[in-house]
Structure formats: structure tokens, C-alpha cells
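One-letter residues, chain by chain:
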Amino acid sequence: MSTATLDKLEAEAQTSHNIKVTFRVRRFNPEISDEATWQDFELEIDPKERVLDGLHKIKWDLDGSLTFRRSCAHGICGSDAMRINGKNRLACKTLIKDINPAKPITIEPIKGLTVLKDLVVDMEPFFQAYRDVMPFLITKGNEPTRERRQSAEDRERFDDTTKCILCAACTSSCPVFWNDGQYFGPAAIVNAHRFIFDSRDEAGEQRLEILNDKDGVWRCRTTFNCTDACPRGIEVTKAIQEVKRALITRRF
Amino acid sequence: MSAETTTPAVNESVSLFDADNPAPVIEPPRKRTKKTPKSTRTNFELYGWLFMRLSGIVLVVLVLGHLLIQLVLDGGVSKIGFAFVAGRWASPFWQAWDLIMLWLAMLHGANGLRTVINDYAERDTTRFWLKMLLYTATVFTVLLGTLVIFTFDPNIR
Ligand code: HEM
Ligand code: SF4
Ligand code: FES
């Protein structure tokens, strides 16, 4: 077969699969207006493409002023969490065919953080909460000459919470966080959990103490929004409950 | 979130805002800052959380029993009168029942409302005064109720 035929076949396959979708994007530009507005974009796109590809199409072909974060485009860096059809998801992991392209697809910035422009929010308060739980290994005494050993079971204990990519989908889906940014939020608790239940770490007590305070785990109302939102499939609410249980069993 | 779809005013010639004079951004309520963790190092929230679950379990029995006796058995509400109350409070068992139910329900409800205020009141002064109002009302109701249960006089004229 000649490459020309292949090219033709490919081109046919391309065009025949495309569908029309409307992207309804929440736009905000403080240099133009103090109000956010919805803007519709009509796209011809393969439904097996992702929402991120649609946003790229808009930015590259239709309106270069559309502003959003993305880096890896493969669900690893955690920069493109946004509210798609009212649910927090990663644009790079959401296929258009999975979110009913017959209707306009709404795309908004994640809630509870200051919107700087279009889909870009100020992540600083989110990372401040993360830093406040000391998300790094803390040990006492001399360093071992070789690696710090850990059994497979001990590693398994906190495996789920090692998967976090700090996308903020969970924290910005939490109604307690929407109303009060002082709450640590699920992501910070997940990352504290990662070290509290690590057998090599020796500052679990300190982290538990931090999360025992008034803006810590006791503000969680078990709504499960965080678990639903997490693109890594982490059982966020369960991790929070495990921290609560550790605090209670520590006392009694 | 309705269909108020508009094209942004990109081409509008008169705009209040520009690059040197951007519009104010909308900050979320009570944003976390570097100074946020003011550690109190108490177990108050832990005990509050436990108390809600434990008192809840006891309240299921007390409140449902109370409703059953008051509203369903023996002819329902129509039987309730001064004599009915006087008759029940003659027994220390019902006195204790009502006393425990009063204290648990009030503290449980007050702590629940404290959570609601913490969740919804954005400004610190609003929070403070709502909570003061709540605590005053709670203390008043608990003390008044306790006083009545202990000093109830069936022969009052
Ligand atoms: C019938 C038995 C009851 C049970 C099992 C029960 C259980 C609970 C529990 C477990 C919570 C904590 C929810 C959370 O932390 O997310 C709660 C909250 C609350 N309860 Fe109760 N409760 C009962 C009766 C009452 C009564 C009689 C009152 C009113 C005096 C009341 C008022 C509240 C309020 C205002 C809240 C806070 C609402 C919220 O957190 O969203 N409860 N209840
Ligand atoms: S727990 Fe999940 S949703 Fe939350 S920040 Fe981590 S990866 Fe994102
Ligand atoms: S762009 Fe990196 S997670 Fe989506």
C-alpha cells in the first residue's frame, strides 16, 4: 500500500469521527472587567479527544487569550484541575465522549480559591496548608549507613496516599473549604497521612497534633466530595477518617 | 449558572479597567496565610466530635421514647395537661430522663449550631457575636429547664 492511500484513509477516519461540541467557558479578565462571563466556543473535535485538547484548540486556533494551566498533559503534574460540567476533574484525563457532548460542556475554575484569570486560580493558600503539615520525612538519631528499610506491609499501609499529585481537585470540592479557607482541606490531610502512617517517619505525633486543632480533621463533615473528585482514585475521605481514628485511639 | 452566555467585552471601547488598573479579584472567605496555624494544643474539637456521636446514640432512645410517650401512646397529644406533667415528674425516673434529655439535646444542638456558624459566618465579628448569642441562649435554656425540673411544685395555684 502506498503512503498516499494510508494518508487518505487516515484523513477519512479523522473527519468521519469528528463531532460538533460547545465549550462553555467561564472567562474572567481583571484587565477588562470585574465580572466573570460565560463564553461559548464551537469546536469540531473527535469525541475520543480530551477536554484539554479542546482547550488547546480554542487557545491555538480561536482565541489566544484563553488562560489555563497545564504542563504534563498526562495526569501527572496536577496543574489542570478544573470544574467540568460542575465536577472537579483533570482536563487532561477527561474524554469528551464521557461527559455528554450533546449538551454544552461547562468549564470553570476550581472553587474556593481566588480566580486570577479565566481558569487560573491562586494556589498559594492550598500549598500553605500543604506546607503546614510538614510533608517530608522527619527522623531522630543518626542516619543509617544504608537505606531505611521497610517491610512490604508497612509500605502498603500508606500506599494510597502516596499517589497524590496536589491538583487541589479534592480541597476545592469541599464545602467546608469553600466557606472557610482556614480549614486544612483534604489534600493537606492526605499528605499528612502519607507520613503519619509511614513506619520510617518519627514526627507522626507532631502532625497529628497539628491536625487535632480547630481547623484540622474535626472540621471534616464526611461529604465524600473529595473522594469523588480525586483523579488519582485516592480514598480521600477514608484517609481523613484514619487520621481521626489515630487521634482518638491515641487519647483513649 | 443559567444561560446568561455573553461574549466578553473585548472590543468595548469604554472599559473601567486596563492592564495598569485591573479589577479587584474576588478572594475566598478567610484565606489561609503563613500566619494561619495558631495552635491551641487542646483536645476540645476531638471531644466535641466524640460527644456529637455519643450523645446522638443516647438521644435516639431518649428523644424517640419521649415523642412516643408524648404524642402517640394513651390518646396522643390530647392527654397532655398540667396533671399529666405533674404525674410524670412525681417519679424520679422521668425526672432523670427529662433532665438528661434536656442537657444532651441542648449541648448537642448547641455544638451542632456552633459547627454551622463556623462553616457559614465569614466575618470574624459576625462569628463571635453569633456564637455569643448561641452560648447565652443555651446556658439560659439549660439552667431554666433544670430549675423547673427540680423545683416543680404540683400544688401550685
Ligand atoms: C435523634 C438522635 C440524634 C442523633 C443520632 C444525632 C446525631 C448527630 C451527629 C452524629 C451529628 C454530627 C454530624 C457531623 O459532625 O457532621 C449531629 C449534628 C447536629 N445535630 Fe444531631 N443527632 C440527634 C438529635 C439531635 C437533636 C434532638 C438536635 C436538636 C436539639 C440535633 C441537632 C444537631 C445539629 C444542629 C447538628 C449540626 C448539624 C451539622 O453538623 O450539619 N440533633 N447530630
Ligand atoms: S488527593 Fe487526589 S484530588 Fe486531592 S490533591 Fe491529591 S490527587 Fe488531587
Ligand atoms: S496537565 Fe498535568 S495533570 Fe493534567
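Computed from a prediction, not measured in an experiment: that's the story for all the values here. Residue numbers run consecutively from 1 along every chain, following the written order of its sequence. Written order decides the labels, with chains lettered from A and ligands numbered from 1. A pLDDT threshold of at least 70 governs which residues receive local features in this predicted model, and a stricter bar of 80 or more applies before side-chain atom pairs are shown or counted, although totals over entire chains, interfaces and linings include all residues. The side-chain figures draw on all heavy atoms in the structure; neither hydrogens nor water molecules are used.

## Quick word on the overall build of chain B
Here's step 1: What counts as a helix is a DSSP run of H or I of at least four residues, what counts as a strand is a run of E of at least two, and both are numbered from the N terminus. Helices and strands together make up the secondary structure of chain B, namely four helices and zero strands.
Here's step 2: When the helices and strands of chain B are placed in sequence order, the string is α-α-α-α.
Here's step 3: Only protein chains enter the accessibility calculation, which uses a 1.4 Å probe; a residue whose area is less than 20% of its type maximum is buried, one above 50% is exposed, and one in between is partly exposed. A total of 157 residues make up chain B; the buried ones form 28% of that total.
Here's step 4: In what follows, residue pairs with any heavy atoms lying within 4.5 Å of each other are defined as contacts. In chain B, the share of contacts with a sequence separation of at least 24, taken over all contacts with a separation of at least 6, comes to 66%.
Here's step 5: Split by element, the accessible area of chain B, about 10,900 Å² in all, is 70% carbon and sulfur. Each accessible area value is a Shrake-Rupley result obtained with a 1.4 Å probe; residue values ignore everything except the protein chains displayed when judging cover.

## Points about the overall build of chain A
Here's step 1: Counting secondary structure elements, chain A contains nine helices and seven strands.
Here's step 2: When burial is assessed residue by residue, chain A has 52% of its 252 residues classed as buried.
Here's step 3: A sequence separation of at least 24 residues applies to 63% of the contacts in chain A between residues at least 6 apart.
Here's step 4: Carbon and sulfur atoms make up 50% of the accessible area of chain A, which amounts to about 12,000 Å² in all.
Here's step 5: Neither His nor the chain ends contribute to the count of charged residues, in which Lys and Arg are positive and Asp and Glu negative. Note on charges: their place is set at NZ of Lys, CZ of Arg, CG of Asp or CD of Glu. Side-chain charges of chain A comprise 39 positive and 39 negative groups, with the mean position of each set lying 3 Å from the other.

## Overview of the packing of helix 6 (residues 186–196) of chain A against helix 7 (residues 204–211) of chain A
Residue and element names in this part refer to chain A.
Here's step 1: Running from N to C, helix 6 and helix 7 point in directions that differ by 155°, and their axes come no closer than 9 Å. As the angle between them shows, helix 6 and helix 7 are arranged roughly antiparallel. When the axes of helix 6 and helix 7 are compared, the crossing they make is left-handed. Taking contact as the criterion, the partners of Ile189, Ala192, Phe195 and Ile196 in helix 6 are, on helix 7, Gly204, Arg207, Leu208 and Leu211. To get an axis, fit a line to the C-alpha atoms, keeping to the stretch in contact for a helix; angles then go from 0 to 180 degrees between the N-to-C directions. Angle categories are assigned with fixed cut-offs, so that under 35 degrees is roughly parallel, over 145 is roughly antiparallel, 65 to 115 is roughly perpendicular, and the rest are oblique. Should the near helix be turned anticlockwise from the far one by less than a right angle, the crossing is left-handed, and should it be turned clockwise, the crossing is right-handed.

## Considering the UniProt feature "transmembrane region" (unreviewed entry) in chain B
Here's step 1: When the UniProt feature table is mapped onto this chain, "transmembrane region" (unreviewed entry) is found at residues 50–73, 93–111 and 132–152 of chain B.
Here's step 2: Along residues 132–152 of chain B, the helical share is 95% and the strand share 0%, with 29 Å between the first and last C-alpha atoms. UniProt positions are given in the numbering used here, feature names are shortened, and annotations may be inferred rather than shown by experiment.

## Describing the confidence of the model for chain B
Residue and element names in this part refer to chain B.
Here's step 1: Looking at chain B, the pLDDT average stands at 86 and 89% of residues meet or exceed 70.
Here's step 2: The score called pLDDT rates the predictor's confidence residue by residue, from a low of 0 to a high of 100. Put simply, helix 2 (residues 82–89) is where chain B has its lowest mean pLDDT, 88, and helix 4 (residues 124–151) is where it has its highest, 95.
Here's step 3: Among the scores for the predicted complex, ipTM is 0.80 and pTM is 0.86.

## Structural notes on the domain arrangement of chain A
All names here are of chain A.
Here's step 1: Boundary definitions for the domains trace back to an automatic or database domain assignment. Here chain A is partitioned into domain 1 (10–121) and domain 2 (124–251).
Here's step 2: A C-alpha centroid distance of 30 Å is found between domain 1 and domain 2.
Here's step 3: Opposite the 13 residues of domain 1 that make contact, domain 2 presents 14 residues.
Here's step 4: Two parts lose some accessible area (1.4 Å probe) when they are put together, and adding that loss for both gives the buried area. Counting the surface lost from both domain 1 and domain 2, the interface buries some 1,100 Å², and carbon and sulfur atoms represent 61% of this.

## Observations concerning the nonpolar core
Here's step 1: In terms of nonpolar packing, the biggest core is built from 71 residues, with Phe23, Val51, Leu55, Leu211 and Val243 of chain A touching the most fellow members.
Here's step 2: At seven residues, helix 9 (residues 236–251) of chain A tops the list of elements feeding residues into this core.
Here's step 3: A domain split of this core shows at least three residues from each of domain 1 (10–121) and domain 2 (124–251) of chain A.
Here's step 4: The next biggest cluster of nonpolar side chains, apart from the first, holds five residues, and it includes Leu59, Leu62, Trp97 and Leu104 of chain B. To form a nonpolar core, buried Ala, Val, Leu, Ile, Met, Phe, Trp, Tyr and Cys residues must be joined to one another through side-chain atoms within 4.5 Å.

## A few points about helix 7 of chain A
Helical periodicity: at 3.6 residues per turn, an α-helix aligns residues three or four positions apart in one direction.
Here's step 1: Of the positions making up helix 7 of chain A, those classed as buried are Gly204, Arg207, Leu208, Glu209 and Leu211 of chain A.
Here's step 2: Of the surrounding secondary structure, the elements contacted by the buried residues of helix 7 of chain A are helix 6 and helix 9 of chain A.

## Things to note about the side chain of Thr161 of chain A
All names here are of chain A.
Here's step 1: Along the chain, Thr161 falls in the loop between helix 4 (152–157) and helix 5 (175–179).
Here's step 2: Among the residues examined, Thr161 registers a relative accessible area of 2% and is labelled buried.
Here's step 3: In protein, a polar contact requires one atom able to donate a hydrogen and another able to accept it; more generally it is a pair of N or O atoms within 3.5 Å, and residues adjacent in sequence count only if both atoms are side-chain atoms. Within the structure, the side chain of Thr161 is placed 2.9 Å from the side chain of His193, a separation counted as a polar contact.
Here's step 4: Those residues within four positions of Thr161 in sequence are excluded, and the remaining contacts are Val190, His193, Arg194, Ile234 and Ala239.

## Looking at the coordination of the iron atom of ligand 1
Here's step 1: For Na, K and Ca the donor cut-off is 3.2 Å, and for all other metals it is 2.8 Å, counting N, O and S atoms only; because water is absent from this set, sites may look incomplete. Coordination of the iron atom of ligand 1 by the protein involves just one donor, His108 of chain B (NE2), at a distance of 1.9 Å.
Here's step 2: Tracing the backbone through its elements, the reader meets His108 of chain B in helix 3 (residues 92–120).

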